[in-house]
Amino acid sequence: MVYSDIESAPREELRALQSERLAETVANAYENVDFYREALDEAGVDPDEIEGVEDVSKLPFTTKTDFRDEYPDGLFAVDHDDVRRIHASSGTTGKPKIVAYTDEDLGVWREVMARSLHAAGVRPGETVQNAYGYGLFTGGLGFHDGVEELGATVIPTGGGNTARQLDMLRDLDSDALACTPSYCLYLAEAAEDRMMDVRKLPLSRVIIGAEPFTDPMREEIERALGVSALDVYGLSEIIGPGVSIECEEAQDGLHVWEDHFYPEVVDPETGEVLPEGESGELVLTTLTKEALPAIRYRTGDITSLTYERCACGRTAVRMDNVTGRTDDLLIVRGVNVYPSQIEDVVLDLGDVAPHYRIDLYREDSLDRMEITVEHHEAFRGTPDQLRDRIESALRDVLEIEPDAVEVVEPGSIERTEVGKVKRVYDHR
Ligand code: DLL
């Protein structure tokens, strides 16, 4: 059962709709945004040439740097009078990316969020505790509007204030919780400290996103809270949360709401479009955004696409879970490795808790990598034994040898109560 018919429409119908919308988006961007007019002119592309999605690869890419260079509103395609809301996404460096929505855009966002929640199994009449941060971050208000649109009840707890968060979960019988994966773990620990068993509550699902997580991390969350955990993806530059989500029926990749966002996967080095199934950088083009159209936006997120029909009946393409970003890549003495690969290997050992940090230093022009992990409360061996197992797993699976692996007591590594978790500390 789908929320909107378009989710299971024949692919030809979807493609025709995408083509029509792409042509409109490009024409709108060309006409109303100097940046896009110059970029298309420079690439020698006449917007009239873009007749359908088969032409998309003629278009130039847009990057995070373009967003920063055009700060604050150089990419807006409408007058300020028509902007109903602003959000911003702050990266680790530089200026925030300012994003804008017209009334129509907010309507699209509500619709894709309602669809996402429905795909994740939330139904009208249910209650969703929304622990994504409210404010400039798109998570809080994006979920909030979507829950209301679906006809469910939203409890806007926002991020942090963990004691109250747990009281609400216990007293208001929420069916679903929406928050980052790291905050799920934080809540689980805080509940345990208060001798509260979240597994006994009616809570049946958590909708986690905004930061990468691996399968072993998801399993920890599901076990600790007694829920199923569904992955939701999105980014401010495109709309916020609600670009794609796992369906509860199959939980096998995230359905991209392709009638609003056109996905491609490209080789991060060459920019060449990669065939279905190959892993590369996700590039998204908005198909209906008015205030801030984005053309071939390089997300930096690594994934692959599959057009195979899903067991749930939805025809929308699925993207793989995003476990890394192109700019996360670590090079340890010549070996390329993503932090998520380290997480996967280390958590898979079973005795390691899902809290770790990676520190990078430069010493005498050589890179030095130190990994710190917590052992599980139930672990009965010695830290040295566990360290040896971690070192040999990293060597065998990833062919890397960190300079130091330290095993510390549960609770020693700093937790993230608000915002996105930080696990890699680059001191170079
Ligand atoms: O994080 C929007 C969001 C809010 C998504 C709540 C899901 C839930 P930004 O702050 O602009 O927007 O950050 C976007 O976060 O490019 C990814 O690198 C990362 N990200 C978002 N969702 C996921 C996910 C929101 N499910 C950036 N898995 C994106 C992995 C994710 N990474």
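This text goes with the structure placed above it.
Let me begin by describing the structure that accompanies this report. (Residues numbered from 1 in each chain as written. Predicted model: local features only at pLDDT ≥ 70, side-chain atom pairs only at ≥ 80, totals over all residues. Heavy atoms only, no water.)

1. Digging into the pairing of strand S6 (residues 205-209)
Now for step 1: Counting buried residues in S6 gives 5 out of 5 residues, a clear majority hidden from the surface.
Now for step 2: The side-chain alternation of S6 yields two buried faces, one formed by Arg-205, Ile-207 and Gly-209 and the other by Val-206 and Ile-208.
Now for step 3: Examined bridge by bridge, S6 and strand S7 (residues 228-235) share 5 bridges and lie parallel to one another. Residue pairing across strands places Val-206 opposite Ala-229, the latter belonging to S7.
Now for step 4: Viewed along the sheet, the connection from S6 through helix H8 (residues 215-225) into S7 turns out right-handed. (Buried < 20%, exposed > 50% of the residue type's maximum accessible area, 1.4 Å probe, protein only. Helix = DSSP H or I, 4+ residues; strand = E, 2+ residues; numbered from the N terminus. Pairing = 2+ DSSP bridges. Right-handed = clockwise from strand over helix to strand, strands pointing away.)

2. Examining the nonpolar core
Now for step 1: In this structure, Leu-59, Tyr-233 and Val-243 are the most contacted members of the largest nonpolar core, which totals 69 residues.
Now for step 2: For this core, the element with the highest residue contribution is helix H4 (residues 103-119), accounting for 8 residues.
Now for step 3: Leave out the neighbours within four places in its chain, and Leu-59 touches Leu-22, Val-26, Leu-40, Val-45, Ile-50, Ile-295 and Arg-296.
Now for step 4: Of all hydrophobic cores here, the second largest spans 47 residues; its members include Val-206, Met-217, Ala-229 and Ile-371. (Core = buried A, V, L, I, M, F, W, Y, C linked by side-chain atoms within 4.5 Å. Contact = heavy atoms within 4.5 Å.)

3. Things to note about the pattern of salt bridges
Now for step 1: Taken as a whole, this structure holds 39 salt bridges when the rule is applied.
Now for step 2: Taking the shortest distance from any N to any O, the salt bridge between Glu-374 and Arg-415 comes out at 2.7 Å. Of the two residues, Glu-374 sits in strand S18 (residues 366-375) while Arg-415 sits in the loop between strand S19 (404-408) and strand S20 (424-426), which places them 41 residues apart along the sequence. Taken as a pair, Glu-374 and Arg-415 share a single burial class, namely buried.
Now for step 3: Two residues, Asp-384 and Arg-387, come together in a salt bridge whose shortest N-O distance is 3.3 Å. Placement of both Asp-384 and Arg-387 in helix H10 (residues 383-398) is noted, with a separation of 3 residues, approximately one turn of the helix.
Now for step 4: For Asp-384, a relative accessible area of 46% gives the class partly exposed.
Now for step 5: Several salt bridges converge on common partners, so that one network encompasses Asp-167, Arg-170, Asp-171 and Arg-194. (Salt bridge = Lys/Arg side-chain N within 4 Å of Asp/Glu carboxyl O.)

4. Details of unusual backbone geometry
Now for step 1: Cis geometry is found at the peptide bond from Tyr-71 to Pro-72, where omega equals -5°.
Now for step 2: Mapped onto the elements of the fold, Pro-72 is located in the loop between helix H3 (64-69) and strand S1 (85-89).
Now for step 3: A positive phi is found at Met-195, a non-glycine position, where the angle reads about 55°.
Now for step 4: Counting through the fold element by element, Met-195 comes out in the loop between helix H7 (181-193) and S6.
Now for step 5: Looking at Met-195, the relative accessible area reads 77%, which means it is exposed.
Now for step 6: Located in the positive-phi region is Asp-364, a residue other than glycine, with phi close to 50°.

5. Focus: the packing of aromatic side chains
Now for step 1: Under the counting rule described, the total for this entry stands at 5 aromatic pairs.
Now for step 2: Arranged with centres 5.3 Å apart and planes meeting at 75°, the rings of Phe-67 and Tyr-297 form a pair that is edge-to-face. With Phe-67 in helix H3 and Tyr-297 in strand S12 (residues 297-303), the pair connects residues that are 230 residues apart, well separated along the chain. For the residue pair Phe-67 and Tyr-297, the accessibility class agrees, reading buried in each case.
Now for step 3: When the ring centre of Tyr-425 is taken as origin, the NZ or CZ atom of Arg-357, which lies over that ring, is 3.8 Å away. (Phe/Tyr/Trp six-rings, centres within 6.5 Å; stacked < 30°, edge-to-face > 60°. Lys NZ or Arg CZ within 6 Å of the ring centre and 35° of its normal.)

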